[in-house]
Amino acid sequence: MVNGLMLVLSLIGLSIVLNGMAMVKTEVRKSPVKTFMMISLGILTLVFLYLVPYSFWRLTGSPANWSGGLSVTAAGIGVVLYVRWLYMTRINKT
């Protein structure tokens, strides 16, 4: 129950951070504040890129064999594709 909730909240948080990155990239003029905001949002993105596969691994029962590695790899590839798709659609939309 908690692991599923953590997975859903991680995906929602990742979506919010990526929308913020797209907004900062397109709407904020070049300044030190923009650089700081992009760095901090990038760090949050990396945290969520770690949390989503970890949450999925915990949701599948925390296997310590090949099935655990495959589930983490599949979740990692899926989240990277989701990040790329969402970020590119938000950038091209504006």
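The rules behind each value
Residues numbered from 1 in each chain as written. Predicted model: local features only at pLDDT ≥ 70, side-chain atom pairs only at ≥ 80, totals over all residues. Heavy atoms only, no water. Phe/Tyr/Trp six-rings, centres within 6.5 Å; stacked < 30°, edge-to-face > 60°. Helix = DSSP H or I, 4+ residues; strand = E, 2+ residues; numbered from the N terminus. Buried < 20%, exposed > 50% of the residue type's maximum accessible area, 1.4 Å probe, protein only. Expected span 1.5 Å × (residues − 1). Contact = heavy atoms within 4.5 Å. Core = buried A, V, L, I, M, F, W, Y, C linked by side-chain atoms within 4.5 Å. Patch = residues over 30% accessible without salt bridge, like charges linked within 9 Å, V, L, I, M, F, W, Y side chains within 5 Å. Areas by Shrake-Rupley, 256 points an atom, 1.4 Å probe, with all protein chains shown as cover. Salt bridge = Lys/Arg side-chain N within 4 Å of Asp/Glu carboxyl O.

Visitor: What is the right way to look at the packing of aromatic side chains in this model?
Guide: Between two aromatic rings, the relevant description is the distance of the centres plus the angle of the planes. All chains considered together, the criterion is met by 3 aromatic pairs. On the numbers, 5.9 Å between centres and 40° between planes, the contact of Y54 with W57 is tilted. Of this pair, Y54 and W57 both sit in helix 2 (residues 32–59), 3 residues apart, roughly one helical turn. What makes Y54 partly exposed here is its relative accessible area of 28%. According to the relative accessible area criterion, W57 is partly exposed, its value standing at 23%. When the ring of Y82 is compared with that of W85, the centres are 6.2 Å apart and the planes differ by 35°; the resulting orientation is tilted. In this pair, Y82 and W85 are both assigned in helix 3 (residues 66–93), 3 residues apart and thus about one turn of the helix distant. Every member of this aromatic cluster is reached through a ring pair, and the members are Y50, Y54 and W57.

Visitor: Teacher, can you tell me more about helix 3 here?
Guide: Note: α-helices contain 3.6 residues per turn, so residues at a spacing of three or four share the same orientation. A rise of 1.5 Å per residue sets the reference length of helix 3, with its 28 residues, at 40 Å; its end C-alpha atoms lie 40 Å apart and thus fit the reference within 8%. Every buried residue belonging to helix 3 is among G68, S71, A75, G76, V79, V83, L86, Y87 and I91, and all of these are buried.

Visitor: Please explain the side chain of S10 as it appears in this structure.
Guide: Tracing the sequence through the fold places S10 in helix 1 (residues 2–27). Classification of S10 as buried rests on a relative accessible area of 3%. Setting aside chain neighbours within four positions, we find S10 in contact with F48, L51, V52 and S55.

Visitor: Before we go on, may I ask you to explain the nonpolar core in this structure?
Guide: It is characteristic of soluble globular proteins that their nonpolar side chains tend to be buried jointly. Ranked by size, the top nonpolar core spans 15 residues in total, and within it L14, L18, M21, L41 and Y87 carry the most contacts. Looking at this core, the elements with two or more residues in it are helix 1, helix 2 and helix 3. Look past the residues within four positions of L14 in its chain and what remains in contact with it is T45, F48, V79, Y82 and V83.

Visitor: Mind showing me how you'd approach a nonpolar patch on the surface here?
Guide: The grouping of L5, V8, L9, I12 and I16 at the surface amounts to a nonpolar patch, some 480 Å² of accessible area in total. Secondary-structure assignment places L5 in helix 1. Taking relative accessible area as the criterion, L5 reaches 48% and is therefore assigned partly exposed.

Visitor: Honestly, helix 1 in this entry has me stumped. Any pointers?
Guide: Taking 1.5 Å as the rise per residue, helix 1 with 26 residues should run 38 Å; its terminal C-alpha atoms sit 37 Å apart, in good agreement. Listed as buried for helix 1 are L7, S10, G13, L14, S15, V17, L18, G20, M21, A22 and V24.

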